[in-house]
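# Coordinate analysis (summary)
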Amino acid sequence: MKIDFNKNQDGLVPAIVQDAKTKNVLMLGYMNQEAFDATQQTKKVTFYSRSKQRLWTKGEESGNYLELVKIKNDCDNDTLLVFVKPIGPTCHKGTDTCWGESNKQEYGFLSQLEQIITSRKNDVDNPDSYIASLFKKGMNKMAQKVGEEAVETVIEAKDSNNELFLNESADLLFHYLILLQAKGFQLEDIVKTLKSRHK
């Protein structure tokens, strides 16, 4: 890997740290050649600390190390993307990231939909909340709805109307997410189960 450490007068390049699993950005540090070499050798992410004026291995005091997975260089050879497995919180303030965000696995709009289901499932006093009404009716009704939507999806799969098929598929997924939460699970639990089958 060719890294242009001479592009900046201080011999440092930015190192963006990203969780290899969740893809969330955890922090930004700086590396010189020595820090890069130390990271490669120890498999623990090491920076050059501008304030301490020395090499600094993340977690050397707290124990919250960043275990190296891999490093990529950008197109100009002057910025690193460091993929890691974080051991504990990354920020010195005790948060998962240096932006105070949670380092949770996200699934785009599906994660937003899970949050909506969570917020509405206990809204039993709202007569307009379809989600709350399903939770109020209980597990049997929620399971029945998943079964009904699955059958309708199968029926539409045998036809040639793609719009109807996609709509029924969306209904199936929506009701399945509701059933998952009713059982105390999230999409992340299903992903873990799938990954365990394909090691």
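In this report, we go over the structure that sits alongside the text.

Rules of the game
All chains use their own residue numbering, which begins from 1 and follows the written sequence. In keeping with the model being predicted, local features are shown solely for residues with a pLDDT of at least 70 and side-chain atom pairs are shown and tallied solely at 80 or more, while totals for entire chains, interfaces and linings include all residues. The side-chain values count all of the structure's non-hydrogen atoms but skip hydrogen atoms and water molecules. Three exposure classes are used, based on accessible area relative to the maximum for each residue type with a 1.4 Å probe and protein chains only: buried under 20%, partly exposed in between, and exposed over 50%. Numbering of helices and strands runs from the N terminus; a helix is a DSSP stretch of H or I covering at least four residues, while a strand is a stretch of E covering at least two. Within this analysis, the arc is defined by the directions that extend from the helix axis to the C-beta atoms. Only heavy atoms enter the contact rule, under which two residues are in contact if any of them lie within 4.5 Å. Counted as a polar contact is a pair of N or O atoms within 3.5 Å, where, for protein atoms, one must be capable of donating a hydrogen and the other of accepting one, and residues adjacent in sequence contribute only when both atoms are in side chains. Joining through side-chain atoms within 4.5 Å is the link that ties buried Ala, Val, Leu, Ile, Met, Phe, Trp, Tyr and Cys residues into a set, and such a set is a nonpolar core. Note on pairing: two strands pair once DSSP finds at least 2 bridges between them. Convention adopted: a line fitted to C-alpha atoms gives each axis, helices being fitted over their contacting stretch, and angles between N-to-C directions are expressed from 0 to 180 degrees. Cavity means a closed set of points on a 1 Å grid over the protein atoms alone, one where a 1.4 Å probe fits but cannot get out, pocket means an open set with protein on both sides within 12 Å along at least 5 of 7 lines, and lining means a residue has an atom within 4 Å of a point. Grid points are joined across faces, edges and corners, and a volume is the space filled by probe spheres set on the points. Polar here means any residue outside two lists: the nonpolar Ala, Val, Leu, Ile, Met, Phe, Trp, Tyr, Cys and Pro, and the charged Asp, Glu, Lys and Arg; Gly therefore counts as polar. Patch criteria: residues need more than 30% relative accessible area and no salt bridge. Like-charged residues are merged within 9 Å; nonpolar side chains of Val, Leu, Ile, Met, Phe, Trp and Tyr are merged within 5 Å. With residues, only the protein chains shown are counted as cover, and all accessible areas are computed by Shrake-Rupley using a 1.4 Å probe. A pairing counts as a salt bridge when a side-chain nitrogen of Lys or Arg comes within 4 Å of a carboxyl oxygen of Asp or Glu. Under the convention used here, Asp and Glu are negative, Lys and Arg are positive, and both His and the chain ends fall outside the count. By convention, the point assigned to a charge is CZ for Arg, NZ for Lys, CD for Glu and CG for Asp. Oblique is the label for every angle not falling under 35 degrees (roughly parallel), over 145 degrees (roughly antiparallel), or within 65 to 115 degrees (roughly perpendicular). The hand of a helix crossing depends on one turn: near helix anticlockwise from the far one by less than a right angle means left-handed, and clockwise means right-handed. Here a Phe, Tyr or Trp ring, Trp counted by its six-membered ring, pairs with any other such ring whose centre lies within 6.5 Å, and the pair is stacked when the planes are under 30 degrees apart, edge-to-face when over 60, and tilted otherwise. We call a charge positioned over a ring when the NZ of a Lys or the CZ of an Arg lies within 6 Å of the ring centre and within 35 degrees of the ring normal.

### Some words on helix α1 (residues 33-42)
Every buried residue of α1 is listed here: Ala-35, Phe-36, Ala-38 and Thr-39. Burial along α1 is one-sided: seen end-on, the buried residues are contained in an arc of 165°. Facing away from the buried side of α1 by over 90 degrees, the exposed positions are Glu-34 and Gln-41. Elements that come into contact with the buried residues of α1 comprise β2 (25-31), β3 (46-49), β4 (54-57), β5 (66-73) and β6 (80-86). N-capping of α1 is provided by Asn-32, with a side-chain oxygen placed 3.2 Å from the backbone N of Glu-34.

### Quick look at the nonpolar core
Residues Val-17, Met-31, Leu-80 and Val-82 are the most contacted members of the largest nonpolar core, which totals 18 residues. Every element with two or more residues in this core is listed here: β1 (13-19), β2, α1, β5 and β6. Those residues within four positions of Val-82 in sequence are excluded, and the remaining contacts are Ala-15, Ile-16, Val-17, Gln-18, Met-31, Val-45, Leu-68, Lys-70 and Ile-71. Counting 12 residues, the second largest nonpolar core, distinct from the first, contains Met-142, Leu-177, Ile-178 and Leu-179.

### What to know about the sheet that holds β5
Backbone-to-backbone hydrogen bonds pair the strands of a sheet. The strands run either parallel or antiparallel. The sheet built from four strands is open, its strands ordered β2-β1-β6-β5 with mixed pairing. Edge strands, defined here as strands with exactly one partner in the open sheet, are β2 and β5. Going across the sheet, the axis of each strand differs from the next one's by a mean of 30°, ignoring polarity. Sheet analysis places β1 next to β2, joined by six bridges and oriented antiparallel. Bridge pairing in β2 links Val-13 to Met-31.

### Describing the layout of surface pockets
Space inside the largest pocket adds up to approximately 420 Å³. Met-27, Lys-52, Trp-56, Lys-58 and His-92 are the residues nearest the centre of the largest pocket, which is lined by 22 residues in total. When residues of the lining of the largest pocket are traced back to their parent elements, those giving at least two are β2 and β3. Among the elements that take part in the lining of the largest pocket, β2 stands out by supplying four residues, more than any other. In the lining of the largest pocket, the residues fall into nine nonpolar, eight polar and five charged.

### Quick word on a positive patch on the surface
On the surface, Lys-21, Lys-23, Lys-70, Lys-72, Lys-192 and Lys-195 cluster together into a positively charged patch. Listing elements by their share of the positive patch, those giving two or more residues are β5 and α6 (187-196). Note that Lys-192 resides in helix α6.

### Let's talk about the packing of helix α2 (residues 109-120) against helix α5 (residues 162-182)
Interaxial distance between α2 and α5 falls to 10 Å at its minimum, and their mutual angle equals 55°. In this view, α2 runs oblique relative to α5, as classed from their interaxial angle. In the packing of α2 onto α5, the handedness of the crossing is right-handed. Each of Leu-110, Leu-113, Glu-114, Ile-117 and Thr-118 in α2 lies in contact with α5, whose residues at this interface are Leu-173, Phe-174, Leu-177, Ile-178 and Gln-181. Tallied by class, residues from the contact of α2 with α5 come to seven nonpolar, two polar and one charged.

### Re the packing of aromatic side chains
Under the definition given, this model contains three aromatic pairs. Ring geometry for Tyr-130 against Phe-174: centres 6.5 Å apart, planes inclined by 20°, an arrangement best described as stacked. Of this pair, Tyr-130 sits in helix α3 (residues 130-137) while Phe-174 sits in helix α5, placing them 44 residues apart in sequence. The ring of Tyr-65 carries the charged tip of Lys-44 above its face, separated from the ring centre by 4.0 Å. Of note, Lys-70 hangs over the ring of Phe-83, and the distance from its end group to the ring centre comes to 5.0 Å.

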